[in-house]
Number of protein chains: 2
Amino acid sequence: MKQPIKPTESELEILNILWTEGAATVRTVHEKLALTKDAGYTTTLKLMQIMLEKKLLSRDASNKTHVYTAIVNREQTQGQMVQRMIETMFNGSAMQLVMQTLGNHKASKAELNKIRAYLDGKVKK
Amino acid sequence: MKQPIKPTESELEILNILWTEGAATVRTVHEKLALTKDAGYTTTLKLMQIMLEKKLLSRDASNKTHVYTAIVNREQTQGQMVQRMIETMFNGSAMQLVMQTLGNHKASKAELNKIRAYLDGKVKK
DNA sequence: TTTGGTTTACGAAAGTTGTCGTATATTTGT
DNA sequence: ACAAATATACGACAACTTTCGTAAACCAAA
């Protein structure tokens, strides 16, 4: 396991877009970002350049318009962030986090069944 | 709903201690903190003073040794932090967060049953 | 080919965080 | 009563984050 990844809020937003898009230019990322946020193009560019330095992203600079890709794994990063939250706010209890989340969010019957199926699988093992 | 609360990592650690302790002096908080962290006493003091300014904490200064209390609600703060994480990393899907968490953590049979009971309750309604 | 749009690079500024040193006040034990 | 321990206040600092202006390179279309 490598040293822990600790992206900022803004960086996570960008990572999330790249995790979904796969690979994208600054412009693409910026436009997705602009849907929920309000910052200039050069701001997004700068953030992604910094993320490149931090090795959160890689880029293909063979063309003039560079194409960026996330090089940190989605599940692993999510796992680390969730873990951190569990430790600092939920006294280390993952189940407390789960209960908190279930308590605050409506879920479709299908989703609940999915969780139930998952729990069943866990017990059988 | 008030303006969103956005404590830093260090602030959350302190909040968590105060949520558990109820009310405490800087020294008490610092000693709990020192179990997992490594910073000087004045650092903890300063952080708590800043949190006082931000109105995350209140204090009783009637005695020379001040006594601090968290004035942000535990469940509400947890909820907001979880919500932020869901939005920035899980594309707004709380269930994805739940699945991620269940996938990465072992749970006792008792805990699993507790969750299952909770899910049953949700469906009945 | 000139003009205008797009892109990258760079640097600077403002705000925040976490760290601690030092000064000063207060309490306590001998 | 005096020295040692303990507490608060304050300011400074480096690191980091987010923001953007500006310049330079490049491309494309008229």
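Our structure is the block above this text.
Per chain, residues are indexed from 1 in the order of the written sequence. For naming, the first written chain is A and the first written ligand is 1, with later ones following in the order written. With pLDDT at 70 or above as the cut-off, local features in this predicted model cover only qualifying residues; side-chain atom pairs require 80 or more to be listed or tallied, and sums for whole chains, interfaces and linings still use all residues. Hydrogen atoms and water are omitted, and side-chain values are computed over all heavy atoms in the structure.

## Some points on the overall build of chain A
Alright, step 1. Looking only at helices and strands, one finds six helices and three strands in chain A.
Alright, step 2. Runs of E in the DSSP output that reach at least two residues are strands. Runs of H or I that reach at least four are helices, and both are numbered from the N terminus. In chain A, the succession of helices and strands from N to C terminus is α-β-α-α-β-β-α-α-α.
Alright, step 3. Along the first, second and third principal axes, the C-alpha set of chain A runs to 55 × 35 × 25 Å.
Alright, step 4. Exposure is judged per residue with a 1.4 Å probe applied to protein chains only, and the accessible area is read against the type maximum: over 50% gives exposed, under 20% gives buried, and values in between give partly exposed. Across the 125 residues of chain A, 40% fall into the buried class.
Alright, step 5. Contacts were defined at the residue level, with two residues in contact if any of their heavy atoms lie within 4.5 Å. For chain A, the proportion of contacts with a sequence separation of at least 24, taken over those separated by at least 6, is 49%.
Alright, step 6. What sets the accessible areas is the Shrake-Rupley method with a 1.4 Å probe; for residues, cover comes only from the shown protein chains. Within the structure as shown, chain A displays about 7,200 Å² of accessible surface, and the carbon and sulfur contribution to it stands at 53%.
Alright, step 7. Charged-residue counts in this description rest on Lys and Arg as positive and Asp and Glu as negative, His and the chain ends being excluded. We put the charge of a Lys on NZ, of an Arg on CZ, of an Asp on CG and of a Glu on CD. Within chain A, the 12 negative side-chain charges are centred at a point lying 4 Å from the centre of the 19 positive side-chain charges.

## Overview of the packing of helix 5 (residues 94-104) of chain A against helix 4 (residues 74-89) of chain B
Helix packing for two helices is described by the angle between their axes and how far apart those axes are.
Alright, step 1. Relative to each other, helix 5 of chain A and helix 4 of chain B sit at 85°, their axes nearing to 10 Å. Relative to helix 4 of chain B, the element helix 5 of chain A is oriented roughly perpendicular. The segment helix 5 of chain A lies against helix 4 of chain B, with Q96, L97, Q100, T101 and N104 of chain A engaging E75, Q78, G79, V82 and I86 of chain B. Only the stretch in contact is used when fitting a helix axis, every axis being a line fitted to C-alpha atoms; angles between N-to-C directions are given from 0 to 180 degrees. Every angle not falling under 35 degrees, over 145, or within 65 to 115 is termed oblique; those three ranges are roughly parallel, roughly antiparallel and roughly perpendicular.

## A word on the interface of chain B and chain A
Alright, step 1. Across the boundary between the two partners, chain B contributes 44 residues, which contact 45 residues of chain A.
Alright, step 2. In this description, buried area is defined as the sum, over both parts, of the accessible area (probe of 1.4 Å) that is lost when the two are combined. Together, M89, M95 and L119 of chain B form the three largest contributors to the area buried by chain B at its contact with chain A, with a combined 15%.
Alright, step 3. The salt bridge definition used is simple: a Lys or Arg side-chain nitrogen within 4 Å of an Asp or Glu carboxyl oxygen. Along the contact surface separating chain B from chain A lie two salt bridges.
Alright, step 4. Between R116 of chain B and D120 of chain A there is a salt bridge whose closest N-O contact spans 3.2 Å.
Alright, step 5. N or O atoms within 3.5 Å of each other form a polar contact, as long as, within protein, one can give a hydrogen and the other can take it, and as long as residues adjacent in sequence are counted only when both atoms are side-chain atoms. The interface formed by chain B and chain A includes 11 residue pairs in polar contact (both at pLDDT 80 or more).
Alright, step 6. Mapped by element, the contributors of at least two residues to the side of chain B that touches chain A are helix 1 (9-21), helix 4, helix 5 (94-104) and helix 6 (109-124) of chain B.
Alright, step 7. Tallying contributions element by element places helix 4 of chain B first for the side of chain B that touches chain A, with 13 residues.
Alright, step 8. Residue composition of the side of chain B that touches chain A, by class: 20 nonpolar, 14 polar and 10 charged. Following the grouping adopted for this structure description, the nonpolar residues are Ala, Val, Leu, Ile, Met, Phe, Trp, Tyr, Cys and Pro, the charged ones are Asp, Glu, Lys and Arg, and the polar ones are all others, Gly among them.

## Let's talk about unusual backbone geometry
Alright, step 1. Of note in the backbone geometry, K55 of chain A takes a positive phi value of approximately 65° without being a glycine.
Alright, step 2. Positive phi outside glycine occurs at N91 of chain B, with the angle close to 50°.
Alright, step 3. Mapped onto the secondary structure, N91 of chain B falls in the loop between helix 4 and helix 5.
Alright, step 4. Owing to a relative accessible area of 46%, N91 of chain B belongs among the partly exposed residues under this scheme.

Functional significance is not addressed by these values, which are geometric in nature.
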